Amino acid sequence: MQSVLSIDNISKRYGRIQALKNVSFEVPEGCVFGILGPNGSGKTTMLGTLLNVLKSDSGSFSWFGQANKDSNRKRIGSLLETPNFYHYLSAVDNLKVTQAISGRGKRSDIDEALETVKLTERKKSKFKTYSLGMKQRLAIGAALLGNPEVLVLDEPTNGLDPVGILEMRELIKHLAKQGKTIIIASHLLDEVEKVCTHVAILKKGELLTAGAVDEVLVNEDIVEISASDISKLQQVVANIPGCLSAVLTDKLLHLKFALGTSNLEAINQYCFNNGVVLNQLTARKKSLETKFFELTNN
């Protein structure tokens, strides 16, 4: 798969603070790529650098297989901070202003963008009458002017209520189906897991891991088991062959095995032979949230 973005050893300092330290990764074409990290991990600095808002101290990056060219910028739409629209203007008029300033696209792009973000019925309403979710969708509509190939979004669900988050999730999925590459910086791990195909995790400016979500999550087998006598079950699994650890959470024992070594039938038989009848036995994929906290809390 061809890379839309290649990042090679990007570093950035603010005085004594190392915002980014030798960060390198690739963003494949057509993916939804999540950049994750706690506050202060360097997510926003990374996006600002990639969009030439900030200049890195060292390292390089290239869009579309080319050195950093101004012509590439028009192929990228972005939402880096709270949208700066005029409260007394309608959605259409605000996008006209945005288009006049940026020089992106043609008049018909405005109607197409509003249709995509589902604001056509409210396109003549003043911006000040919009909900926060509608304001965020209009900001993405502005980013879509000129039909860019890539969208770069910094915390697109920030401050939204559950309905707004759901709408944003569906919009991102819709844009991805159109073939756009989408890069998202976010701290909402559950939402990222629902929409992203690839991920990079940062901590204090350093890259901890990057790759396809399924590859990042899979480095061990996790099996959930339970029984009516949970205390006896804990005693039994302490000696189960191949089990690396057993952690009790909400009356479920989470067993960890080396990748590809767990055997549900053997686990069930072992427990039965040792006097415990299981009432739950499930192979489970690690959540992105679990992986994130494992990496960032070390």
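Structural notes, computed from the coordinates. Small disclaimer: the values here were computed from a predicted structure and weren't measured. The written sequence of each chain sets the order in which its residues are numbered from 1. For this predicted model, a pLDDT threshold of at least 70 governs which residues receive local features, and a threshold of 80 or more governs which side-chain atom pairs are given and counted, while totals over whole chains, interfaces and linings are taken from all residues. Excluded from the side-chain calculations are hydrogens and water; all other atoms, namely the structure's heavy atoms, are used.

## Details of helix α5 (residues 132-143)
In this model α5 runs 17 Å from its N-terminal to its C-terminal C-alpha over twelve residues, within 8% of the 16 Å that 1.5 Å per residue would give. Of all twelve residues in α5, eleven are buried, a share of seventy percent or more. In what follows, residue pairs with any heavy atoms lying within 4.5 Å of each other are defined as contacts. A run of H or I in DSSP counts as a helix once it spans at least four residues, and a run of E counts as a strand once it spans at least two, with each numbered from the N terminus. As for α5, its buried residues are in contact with β5 (76-79), α3 (91-102), α4 (107-116), β6 (150-154) and α6 (162-177). By this rule the span expected of a helix is its residue count minus one, scaled by 1.5 Å. Between buried and exposed lies partly exposed: a residue is buried under 20% and exposed over 50% of the maximum accessible area for its type, with that area taken using a 1.4 Å probe on protein chains only.

## What about the sheet that holds strand β11 (residues 243-249)?
Pairing within the open sheet is antiparallel, and its four strands lie in the order β11-β12-β10-β13. A single partner strand is all that each edge strand has here, and the edge strands are β11 and β13 (278-284). Each strand of the sheet is rotated relative to its neighbour by a mean of 20 degrees, with strand direction disregarded. In short, DSSP must find at least two bridges between two strands for them to pair. Relative to strand β12 (residues 252-258), β11 is paired through six bridges, and the arrangement is antiparallel. In the strand pairing of β12, V247 is matched with H254. Throughout, an axis means a line fitted to C-alpha atoms (over the contacting stretch in the case of helices), and angles, computed between N-to-C directions, take values from 0 to 180 degrees. In this fold helix α9 (residues 230-237) packs onto β10 (220-227), β11, β12 and β13, with an angle of close to 145 degrees to the strand it touches most, β10.

## A few points about the pairing of strand β2 (residues 17-28)
The sheet contact formed by strand β1 (residues 3-14) and β2 spans eight bridges and is antiparallel. Bridging from a neighbouring strand, R13 pairs with Q18 of β2. Connecting the antiparallel pair β1 and β2 is a turn made up of two residues, with G15 showing a positive phi of about 65 degrees.

## What to know about the packing of α3 against α5
At a closest axis distance of 10 Å, the pairing of α3 and α5 adopts a crossing angle of 40 degrees. As α3 packs across α5, the resulting crossing turns out to be right-handed. Taking contact as the criterion, the partners of A91, L95 and T98 in α3 are, on α5, L138, G141 and A142. Any residue that is not Ala, Val, Leu, Ile, Met, Phe, Trp, Tyr, Cys, Pro, Asp, Glu, Lys or Arg is counted as polar, Gly included; the first ten are nonpolar and the last four charged. Classifying every residue of the contact of α3 with α5 by side-chain character gives four nonpolar, two polar and no charged. Crossings are classed by handedness, with left-handed meaning an anticlockwise turn of the near helix from the far one by less than a right angle and right-handed meaning a clockwise turn.

## Here we look at the sheet that holds β2
The antiparallel open sheet is built from three strands, whose spatial order is β2-β1-β4. The open sheet has two free edges, formed respectively by β2 and β4 (58-63), since each of these has just one partner strand. The average angle at which neighbouring strand axes cross in this sheet is 15 degrees, direction not considered.

## Focus: unusual backbone geometry
Residue N22 is not a glycine yet carries a positive backbone phi of 50 degrees. With respect to the helices and strands, the residue N22 is situated in strand β2. You will see that K204, though not glycine, has its phi angle at about 50 degrees, which is positive. By the element assignment, K204 lies in the loop between β8 (198-203) and β9 (206-212).

## Description of the pairing of strand β3 (residues 32-36)
For β3, the tally of buried residues reaches five of five residues, placing the bulk of the element in the interior. Neither face of β3 is exposed, since V32, G34 and L36 on one face and F33 and I35 on the opposite face are all buried. Pairing analysis gives five bridges linking β3 to strand β7 (residues 181-186), with the strands arranged parallel. Across the sheet, residue L36 finds its bridge partner in β7, namely S186. In this structure, β3 lies alongside β8, joined through four bridges in parallel fashion. Looking across to β8, one finds that I35 is bridged to A200.

## A look at the layout of surface pockets
Here the largest pocket is characterised by a volume of approximately 690 Å³. Within this scheme a cavity is a closed region of a 1 Å grid, computed over the protein atoms alone, that accommodates a 1.4 Å probe without allowing it to escape, whereas a pocket is open but has protein on both sides within 12 Å along at least five of seven lines; lining residues each have an atom within 4 Å of a point. Lining the largest pocket are 23 residues, and of these S78, N84, F85, T98 and A142 lie nearest its centre. When contributions to the lining of the largest pocket are tallied by element, the ones reaching two or more residues are β5, α3 and α5. Looking at the lining of the largest pocket element by element, the count peaks at five residues for α3. Classifying every residue of the lining of the largest pocket gives twelve nonpolar, seven polar and four charged. Grid points are joined across faces, edges and corners, and a volume is the space filled by probe spheres set on the points.

## Considering the pattern of salt bridges
Salt bridge, as used here, is a side-chain nitrogen of Lys or Arg placed within 4 Å of a carboxyl oxygen of Asp or Glu. Here the structure, examined in full by the defined rule, presents five salt bridges. A salt bridge links K123 to D111, with the shortest nitrogen-to-oxygen separation between them at 3.9 Å. Of this pair, K123 sits in the loop between α4 and α5 while D111 sits in helix α4; the two residues are twelve residues apart in sequence, bridging distant segments of the chain. Of the charged contacts, one joins E167 and R137 as a salt bridge, the two residues approaching to 2.7 Å between their closest N and O atoms. Highlighted residues: E167 in helix α6 and R137 in helix α5, separated in sequence by 30 residues. The exposure class of E167 is partly exposed, given its relative accessible area of 34%.

Scope: geometric values only; no functional claims are made or implied.
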